[in-house]
Amino acid sequence: MEANLNLHGSGNAVKELNRSHFDRFTITQPLDTTTLSAKLSSYDIGFLPMTDQKVWRLASPLKRAEYLASGMIVVGIDHTGHRIDGSGEWLRLYEEENFIEEAVKFIASLEVAKLRELQNQARLFAESNLDWSPTVDRLSNLILMQSSRSTVNSK
């Protein structure tokens, strides 16, 4: 299997990963939003190797949404921060102990046509279900309600 692994960001594993010197392995420092967005849209699979810890249960959904919105399928460790109700085949979650082996098996089994189909499904799901509009609308309504209460109370 020919594959490139691209990592963007910083963390405690960067030094060790940089020492690996694999030809198909790229690590960059954190990228600005525009550059990262352009890169993500050219990738096929987003990985969520984060373990079942509170920080990742809270932070992982944002990364997962970013991957799906970029049209990537997602492969990760199974925990509540990675799961999505009603997800399709474009989200593959595995037990931590078997994550690497199962992810490799899944990726190796993918044909290009199936990968592209799953990527399209992932993107459509993100567009239909991961929109900020409901959250922004609720926040806006709360602000307007609070503002009108303040106006009534100040009269």
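Please refer to the structure placed before this passage.
Residues numbered from 1 in each chain as written. Predicted model: local features only at pLDDT ≥ 70, side-chain atom pairs only at ≥ 80, totals over all residues. Heavy atoms only, no water.

A. Region of the structure containing the overall build of the chain. Along the backbone of the chain there are six helices and five strands. Rg of the C-alpha trace for the chain: 19 Å, well past the compact-globule value of 15 Å for 155 residues, more than 25% over. Expressed as a percentage of its 155 residues, the buried residues of the chain come to 26%. Sequence-distant contacts, at least 24 apart, represent 49% of the contacts inside the chain between residues at least 6 apart. Roughly 10700 Å² of accessible area belongs to the chain as shown, and the carbon and sulfur atoms make up 53% of that amount. Measuring between centres, the 17 positive side-chain charges of the chain sit 8 Å from its 20 negative side-chain charges. (Helix = DSSP H or I, 4+ residues; strand = E, 2+ residues; numbered from the N terminus. Rg over C-alpha atoms; globule rule 2.2 N^0.38 Å. Buried < 20%, exposed > 50% of the residue type's maximum accessible area, 1.4 Å probe, protein only. Contact = heavy atoms within 4.5 Å. Areas by Shrake-Rupley, 256 points an atom, 1.4 Å probe, with all protein chains shown as cover. Lys, Arg positive; Asp, Glu negative; His and termini not counted. Charge placed at Lys NZ, Arg CZ, Asp CG, Glu CD.)

B. Molecular detail of the pattern of salt bridges. Evaluation of the coordinates by the stated rule reveals eleven salt bridges. Across the salt bridge formed by Glu2 and Arg24, the nearest N and O atoms sit 2.8 Å from each other. Note that Glu2 is positioned in the segment before β1 (5-8) and Arg24 in the loop between α1 (14-18) and β2 (25-28), a separation of 22 residues in sequence. Two residues, Glu66 and Lys63, come together in a salt bridge whose shortest N-O distance is 2.7 Å. With a gap of three residues between them, Glu66 and Lys63 both fall in helix α3 (residues 54-69), about one helical turn apart. Judged by relative accessible area, Glu66 falls into the partly exposed class, the value being 27%. Overall, Lys63 belongs to the partly exposed group, its relative accessible area being 29%. One salt-bridge network, in which partners are shared between bridges, spans Glu89, Arg92, Lys114 and Glu117. (Salt bridge = Lys/Arg side-chain N within 4 Å of Asp/Glu carboxyl O.)

C. Inspection of the layout of surface pockets at higher detail. Taken as a whole, the largest pocket holds about 1900 Å³ of empty space. Of all the elements in the fold, those that place two or more residues in the lining of the largest pocket are β1, α1, α2 (33-40), β3 (45-48), α3, α4 (99-109) and α5 (112-129). Tallied by class, the residues present in the lining of the largest pocket amount to 32 nonpolar, eleven polar and seven charged. Considering only enclosed or pocket space, the second largest pocket measures out at about 250 Å³ in volume. What lines the second largest pocket is a set of ten residues, among which Leu62, Ala65, Leu130, Asp131 and Trp132 lie closest to the centre. A per-element tally of the lining of the second largest pocket places α3 first, with five residues. Its residues assigned to classes, the lining of the second largest pocket comprises five nonpolar, two polar and three charged. (1 Å grid on protein atoms, 1.4 Å probe; cavity = no way out; pocket = protein on both sides within 12 Å on 5 of 7 lines; lining within 4 Å. Points joined across faces, edges and corners; volume = space filled by probe spheres on them. Nonpolar A, V, L, I, M, F, W, Y, C, P; charged D, E, K, R; others polar.)

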